[in-house]
Amino acid sequence: GAGVSQSPSNKVTEKGKDVELRCDPISGHTALYWYRQRLGQGLEFLIYFQGNSAPDKSGLPSDRFSAERTGESVSTLTIQRTQQEDSAVYLCASSLAVVGSNKNTEAFFGQGTRLTVV
Amino acid sequence: QKEVEQNSGPLSVPEGAIASLNCTYSDRGSQSFFWYRQYSGKSPELIMFIYSNGDKEDGRFTAQLNKASQYVSLLIRDSQPSDSATYLCAVNAYNYGQNFVFGPGTRLSVLP
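Residues numbered from 1 in each chain as written. Chains lettered and ligands numbered in written order. Predicted model: local features only at pLDDT ≥ 70, side-chain atom pairs only at ≥ 80, totals over all residues. Heavy atoms only, no water.

### Some details on the overall build of chain A
Then comes step 1: Along its length, chain A carries zero helices and ten strands.
Then comes step 2: When the elements of chain A are put in sequence order from the N terminus, they spell out β-β-β-β-β-β-β-β-β-β.
Then comes step 3: The principal-axis extent of the C-alpha atoms belonging to chain A is close to 45 × 25 × 25 Å.
Then comes step 4: Counting across all 118 residues of chain A, residues that qualify as buried make up 47%.
Then comes step 5: Taking all contacts inside chain A whose residues are at least 6 apart in sequence as the whole, residues at least 24 apart take part in 57%. (Helix = DSSP H or I, 4+ residues; strand = E, 2+ residues; numbered from the N terminus. Buried < 20%, exposed > 50% of the residue type's maximum accessible area, 1.4 Å probe, protein only. Contact = heavy atoms within 4.5 Å.)

### Quick look at the sheet that holds strand β1 (residues 5-7) of chain A
Residues and elements named next belong to chain A.
Then comes step 1: If you trace the four strands from one edge of the open sheet to the other, you get β1-β3-β7-β6, paired in antiparallel fashion. Edge positions in the sheet fall to β1 and β6 (65-69), since each has one partner strand and no second. Recorded for the sheet is a direction-independent mean angle of 15 degrees between the axes of neighbouring strands.
Then comes step 2: When β1 meets strand β3 (residues 19-24), the two strands line up antiparallel, connected through three bridges. Bridge pairing in β3 places S5 opposite D24. (Pairing = 2+ DSSP bridges. Axes fitted to C-alpha atoms, helices over the stretch in contact; angles between N-to-C directions.)

### Quick word on the environment of A:F109
Then comes step 1: Position of A:F109 among the secondary structure elements: in strand β9 (residues 108-109).
Then comes step 2: Accessibility expressed as a relative area gives 11% for A:F109, which makes it buried.
Then comes step 3: Once residues lying within four places of it in the same chain are set aside, the contact partners of A:F109 are A:V4, A:Y35, A:L43, A:L91, A:C92, A:A93, B:Y36, B:S43, B:P44 and B:F102.

### A look at the sheet that holds strand β7 (residues 61-66) of chain B
Residues and elements named next belong to chain B.
Then comes step 1: A sheet is described by the order of its strands in space; here five strands give the open sequence β1-β3-β8-β7-β6, paired in antiparallel fashion. In this open sheet, the two strands that pair with only one neighbour each are β1 (4-6) and β6 (54-58). For this sheet, the mean angle separating the axes of adjacent strands, direction not counted, is 20 degrees.

### What about unusual backbone geometry?
Then comes step 1: Here A:S7 and A:P8 are connected by a cis peptide whose omega angle stands at -5 degrees.
Then comes step 2: Mapped onto the secondary structure, A:P8 falls in the loop between β1 and β2 (10-13).
Then comes step 3: Backbone torsion omega between B:G9 and B:P10 reads 10 degrees, so that peptide bond is classified as cis.
Then comes step 4: Along the chain, B:P10 turns up in the loop between β1 and β2 (11-14).
Then comes step 5: Here the phi dihedral of A:R81 falls at roughly 45 degrees; this positive angle occurs in a residue that is not glycine.
Then comes step 6: Along the polypeptide, A:R81 turns up in the loop between β7 (75-79) and β8 (88-95).
Then comes step 7: Exposure remark for A:R81: the relative accessible area of 42% places this residue in the partly exposed category.
Then comes step 8: In the Ramachandran plot, B:Q70 falls in the positive-phi region, its phi being about 55 degrees despite a non-glycine side chain.
Then comes step 9: Within the secondary structure, B:Q70 sits in the loop between β7 and β8 (71-76).

Structure (structure tokens):
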């Protein structure tokens, strides 16, 4: 696709339910990032996938959060047993970055998924 | 702990003035530096990136990098009300395949 695509755009869920957020990166992009942004706050790193390397999960706030990516394609972020504090915009970004190369490291963001836990 | 710091603002400048946005970073291994603009309710969009010490100009925007001082800045010339947004600084150490570290952002307000 022309850009990073995220779905759904908006999600309202009840506390305790599981949700799955999807990110479709720009075709050919090897790196994929998930961030969380609470209202009026900065970007909070969640997880980073780079090619076939083990993902950097250091930003996941709890074991209720998990993410998967198969190869260089779609990624899904799953939040189990959602809490009200999970309400935020979840942003996905991708880049052509390859470890060891200084080219194409800029990342491009999707439009985000606004999650509201009620 | 890798950190990127920015003045949260708001930074207010009159229309037509130069807006100067500053960013410092803690990791000397950082090698790529980015400026993103984020309008309220929208996702960040890339404005500029810079890898080498010195200045890089693109239209009304100039990015300046000083690796010795661990400092990167963004100058916006002839500021317009449409430039009013939050500006995010980000760094990346590509040699290590590391993720981006974002600063908290500086809110810029250009007054007509």
